[in-house]
Amino acid sequence: HHHAGAAASSSGPHHHHHAGAAASAGSTARGASGADHRTKYGLLGLLDVIRMTDADLNTLALGSDLTTLGLNLNSSDCLYSTFASPWADRPTQREPQFSLPLCYYMQPPPLKTSHLAKFQLETLFYVFYAMPKDVLQAYAAQELYNREWHYHQDLKLWFKRGDAAKDAAAGLGAAPNANQYIYFDISSWECRLFANGAGAAGAAPGA
């Protein structure tokens with residue numbers, strides 16, 4: 001009984017030892033694989049480039065030495081005037097001859113303040129809203145004031161008294177009276193009749 005117990009007790013530790021060794025071997029293999037990736041793509045991977053043991057890796061990392069291609073690197077001319085790309089099967093063609101039409105050389109006349117008096121109403125509003133803090137915005141505002149439009153600073157809209165808005169009220173259906181106001185709607189980009197006449201009277205300073 002003593003020998004049998006000893007044998008049983010001795011076989012137990014050996015069995016666990018072999019199982020633990022197999023498990024540790026598997027984890028070591030996985031750890032080695034991860035270490036290979038870290039070595040290959042990390043800073044340690046530069047050692048393979050420095051040692052120049054892999055020709056493909058050297059070409060990928062360092063490129064090709066131009067002095068071995070038979071080119072005159074001291075030339076002031078193009079080294080290879082017909083070179084298209086490393087993957088091109090045919091050399092590149094020379095730039096074709098072309099002539100630029102004369103209209104491309106014409107310079108547009110500079111915009112003068114006197115031109116704004118000839119602009120349509122929508123153009124003046126475009127200049128005012130699309131060119132903030134520009135001198136043209138001030139010129140457009142001045143021209144709008146000349147046409148009896150007034151800017152409301154709180155509503156940020158342009159208003160005009162109804163009796164002076166006959167030219168801008170063509171699309172309103174009915175001509176507004178003197179107590180009504182027309183404003184320029186920037187969302188629909190057209191002149192509209194202000195719904196609250198009393199509010200508009202106070203909303204159009206200087207009108």
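Refer to the structure printed above.
Before going into details, it helps to say that this report is about the structure given with it. (Residues numbered from 1 in each chain as written. Predicted model: local features only at pLDDT ≥ 70, side-chain atom pairs only at ≥ 80, totals over all residues. Heavy atoms only, no water.)

Remarks on the overall build of the chain
If you tally the helices and strands in the chain, you get six helices and four strands. Going from N to C terminus, the chain has its helices and strands arranged as α-α-α-α-α-β-β-β-β-α. In the form shown here, the chain has an accessible surface area of approximately 16000 Å², with 57% of it arising from carbon and sulfur atoms. (Helix = DSSP H or I, 4+ residues; strand = E, 2+ residues; numbered from the N terminus. Areas by Shrake-Rupley, 256 points an atom, 1.4 Å probe, with all protein chains shown as cover.)

Notes on the packing of helix α4 (residues 121-130) against helix α5 (residues 135-146)
In the contact formed by α4 and α5, the axes pass within 8 Å of each other and the chain directions differ by 140°. One element, α4, and the other, α5, form an angle in the oblique class. Both α4 and α5 take part in a crossing whose hand is left-handed. The residues of α5 that touch α4, namely those facing Leu-121, Leu-124, Phe-125, Val-127 and Phe-128, are Leu-136, Gln-137, Ala-140, Ala-141, Glu-143 and Leu-144. Per-class residue counts for the contact of α4 with α5 are nine nonpolar, one polar and one charged. (Axes fitted to C-alpha atoms, helices over the stretch in contact; angles between N-to-C directions. Parallel < 35°, antiparallel > 145°, perpendicular 65-115°, else oblique. Left-handed = near helix turned anticlockwise from the far one by under 90°. Contact = heavy atoms within 4.5 Å. Nonpolar A, V, L, I, M, F, W, Y, C, P; charged D, E, K, R; others polar.)

Quick notes on the pairing of strand β3 (residues 181-185)
Counting buried positions along β3 yields five of five residues, so the element is predominantly enclosed. Burial along β3 is two-sided: Tyr-181, Tyr-183 and Asp-185 and Ile-182 and Phe-184, pointing in opposite directions, are all buried. Sheet analysis places strand β2 (residues 157-161) next to β3, joined by three bridges and oriented antiparallel. Looking across to β3, one finds that Arg-161 is bridged to Tyr-181. Of the strand pairs in this sheet, β3 and strand β4 (residues 190-193) are connected by four bridges, and their pairing is antiparallel. When the sheet's bridge partners are listed, Ile-182 is paired in β4 with Leu-193. (Buried < 20%, exposed > 50% of the residue type's maximum accessible area, 1.4 Å probe, protein only. Pairing = 2+ DSSP bridges.)

Observations regarding the packing of aromatic side chains
If you walk through the whole model with that rule in mind, you get 13 aromatic pairs. When the centroid spacing of 5.1 Å and the interplanar angle of 85° are considered together, the rings of Phe-128 and Tyr-129 count as edge-to-face. Taking the centre distance of 5.3 Å and the plane angle of 65° together, the rings of Tyr-145 and Trp-158 count as edge-to-face. Taken together, the positions of Tyr-145 in helix α5 and Trp-158 in strand β2 put the pair 13 residues apart, joining distant regions of the chain. Classification of Trp-158 as buried rests on a relative accessible area of 0%. (Phe/Tyr/Trp six-rings, centres within 6.5 Å; stacked < 30°, edge-to-face > 60°.)

Examining the pattern of salt bridges
Tallying each qualifying case throughout the model produces three salt bridges. Between Glu-190 and Arg-192 there is a salt bridge whose closest N-O contact spans 3.2 Å. One continuous salt-bridge network, built from bridges that share partners, spans Asp-185, Glu-190 and Arg-192. (Salt bridge = Lys/Arg side-chain N within 4 Å of Asp/Glu carboxyl O.)

A few points about the sheet that holds β3
If you walk across this open sheet you meet the four strands as β1-β2-β3-β4, and the pairing is antiparallel. At either margin of the open sheet sits one strand with a lone partner, and together these are β1 (150-152) and β4. Between one strand axis and the next, the sheet turns by 35° as a mean value, whatever way the strands run. Packed on one face of the sheet, α4 meets β1, β2, β3 and β4 and runs near 145° to β2.

Some details on a nonpolar patch on the surface
Nonpolar side chains collect at one region of the surface, where Leu-66, Leu-69, Leu-73, Leu-79, Tyr-80 and Phe-83 lie side by side and expose about 610 Å² of accessible area between them. Turning to its location among the elements, Leu-66 is positioned in the loop between α3 (55-62) and α4. Among the residues examined, Leu-66 registers a relative accessible area of 44% and is labelled partly exposed. (Patch = residues over 30% accessible without salt bridge, like charges linked within 9 Å, V, L, I, M, F, W, Y side chains within 5 Å.)

Comments concerning the nonpolar core
With 15 residues, the main nonpolar core has Leu-121, Phe-125, Phe-128, Leu-144, Trp-149, Trp-158 and Cys-191 as its most contacted residues. Put simply, the parts of the chain that give this core at least two residues each are α4, α5 and β3. Here this core takes five residues from α4, the largest share from any one element. (Core = buried A, V, L, I, M, F, W, Y, C linked by side-chain atoms within 4.5 Å.)

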